[in-house]
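The lines below spell out each chain.
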Amino acid sequence: MSNIRNILTAIKRFLFSNMNKEFLIFLFFFILSSIFWLILTLNESYERELTIPVRVTGVPKNVVLTSSENDTIRATVRDKGWVLMAYLYTDRLKHIRIPFKTYDRGNGTGSMGPSELKRVVEQHLETSSKVTAIKPERYNFSYNFGEYKRVPVRWTGRVIPEQLYFVSQVKYEPDSVDVYASHEKLDSIRAIYTEPLNHVNFRDTLRVECRLSHPADVKVVPERATITFHTDVLTEESIDGVAIHCVNMPKGKVLRTFPAKVKVHFITGVSQVRSLHADDFTVIADYREIQSSQAEKCNLYLKASPQGVSHARVEPKRVDYVIEEE
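Just so it is clear, the model here is predicted, and its values are computed rather than measured.

(A) Focus on the sheet that holds strand β20 (residues 297-299). Overall, antiparallel pairing links the three strands, which are arranged β17-β23-β20 in an open sheet. Edge positions in the sheet fall to β17 (253-258) and β20, since each of these pairs with one other strand and no more. Sheet twist, expressed as the average angle between the axes of neighbouring strands with direction ignored, equals 50°. For β20 and strand β23 (residues 318-325), the ladder comprises three bridges, and the chain directions are antiparallel. Bridging across to β23, N299 finds its partner in R318.

Below, the structure written as structure tokens:
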């Protein structure tokens, strides 16, 4: 307690010493002039753009709004500074309501024109306030009667791990979403994509929570997804003993190649190498090509390889062959 008293006594002596009396007088008049300046400034007229939430109300139970139920408009309002301060820092303009039944056009859309929108905004303002502009000038909403379809989620953007690493697997949570829209738009939507992602030079598993991108008159449930990118270290490997299969072979004939099995070189992740087998690859020779070319050797093609394998190639690419009758 004695320390506090000493501090307070020191402050009192400092403030009320002869040297600081003039400072206190200056400070008093400075504050007083600042108050007068603020009053005069706020009494002037200004224009300020205000963001006002808009809510569609009275939506029937069998109707689903495909546009946002809670949207915003931007109104430019002219009034005294102190009135504009009240709009900005109080909940006076918490939201405006647009009755669904009043502005429903009956064709899956609803609209409020510029004059009506301005009138509704002015009802929430002081009588002295004047709306000079509204953006957008017309408020539109869309809906359907519960028609939807489920589509997969896909990522878009730039996701590049460090050198010698690659994205081995992508997981989506959820992997699909419900889309509500007009019948014509539902027919054209095949997938819903994320907002553009931008992640580079990472090596560990990357987990990203992001919004789903969609047109304004399409509703997506849910509107967010979590994308997980699993990484692995690149390695070049090969598998020997991959059998050669012949396609377009007529009945009664058999193609025999020399050798009967070949090697496949490829690039994949270290963690996947042990799970790969020769049967996971499909190498073919085409009988129609052999007949048309009549070459001494036939070409080999890699028709199928496992997921996560890239830059796969067959060795050798051409082999000797004979065609025999069964």
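(B) The nonpolar core, seen in detail. Counting 27 residues, the largest nonpolar core has I73, V121 and Y139 as its most contacted members. For this core, the secondary structure elements donating two or more residues are β1 (45-57), β3 (70-80), α3 (81-89), β4 (96-99), α4 (100-103), α5 (114-123), β6 (130-135) and β7 (139-144). When residues of this core are assigned to their parent elements, the largest contribution, four residues, is made by β1. In this structure, Y139 is in contact with V54, V56, S68, D71, I73, I98, G110, S111, M112 and L117, ignoring residues within four places of it in sequence. Of all hydrophobic cores here, the second largest spans 21 residues; its members include A181, L197, C210 and V220.

(C) Geometry of a nonpolar patch on the surface. A surface patch of nonpolar side chains, amounting to about 320 Å² of accessible area, comprises M85, L88 and Y89. Position of Y89 among the secondary structure elements: in helix α3. The exposure class of Y89 is exposed, given its relative accessible area of 64%.

(D) Structural view of the pattern of salt bridges. Applying the stated criterion to the full structure yields 11 salt bridges. Between R224 and E209 there is a salt bridge whose closest N-O contact spans 3.4 Å. Here R224 is found in strand β16 (residues 224-247), whereas its partner E209 is found in strand β14 (residues 206-213), with 15 residues between them in sequence. Judged by its relative accessible area of 38%, R224 is partly exposed.

(E) Fine view of the environment of L302. Here L302 shows up in strand β21 (residues 301-304). Residue L302 is classed as partly exposed on the basis of its relative accessible area, which comes to 25%. Remark: the alpha-carbon pair of L302 and T282, spanning 20 residues in sequence, is separated by 6.0 Å. Contact partners of L302, with chain neighbours within four places excluded, come to V264, F281, T282, V283, A312 and V314.

(F) Layout of unusual backbone geometry. Across the junction of V221 and P222, the peptide omega takes the value -5°, indicating a cis bond. Following the sequence through the fold, P222 ends up in the loop between β15 (219-221) and β16. Geometrically, the link from F258 to P259 is a cis peptide bond, its omega value of 5° lying close to zero. If you check the backbone angles, L164 has positive phi at about 75° while not being a glycine. Note that L164 resides in the loop between β9 (157-160) and β10 (165-173). Taking relative accessible area as the criterion, L164 reaches 58% and is therefore assigned exposed. With phi around 50°, H311 is a residue other than glycine that occupies positive phi space. Relative to the helices and strands, H311 is located in strand β22 (residues 310-315). Overall, the relative accessible area of 62% leaves H311 in the exposed class.

Criteria and thresholds
Residues numbered from 1 in each chain as written. Predicted model: local features only at pLDDT ≥ 70, side-chain atom pairs only at ≥ 80, totals over all residues. Heavy atoms only, no water. Pairing = 2+ DSSP bridges. Helix = DSSP H or I, 4+ residues; strand = E, 2+ residues; numbered from the N terminus. Axes fitted to C-alpha atoms, helices over the stretch in contact; angles between N-to-C directions. Core = buried A, V, L, I, M, F, W, Y, C linked by side-chain atoms within 4.5 Å. Buried < 20%, exposed > 50% of the residue type's maximum accessible area, 1.4 Å probe, protein only. Contact = heavy atoms within 4.5 Å. Patch = residues over 30% accessible without salt bridge, like charges linked within 9 Å, V, L, I, M, F, W, Y side chains within 5 Å. Areas by Shrake-Rupley, 256 points an atom, 1.4 Å probe, with all protein chains shown as cover. Salt bridge = Lys/Arg side-chain N within 4 Å of Asp/Glu carboxyl O.

The values reported here are purely geometric and, on their own, carry no functional implication.
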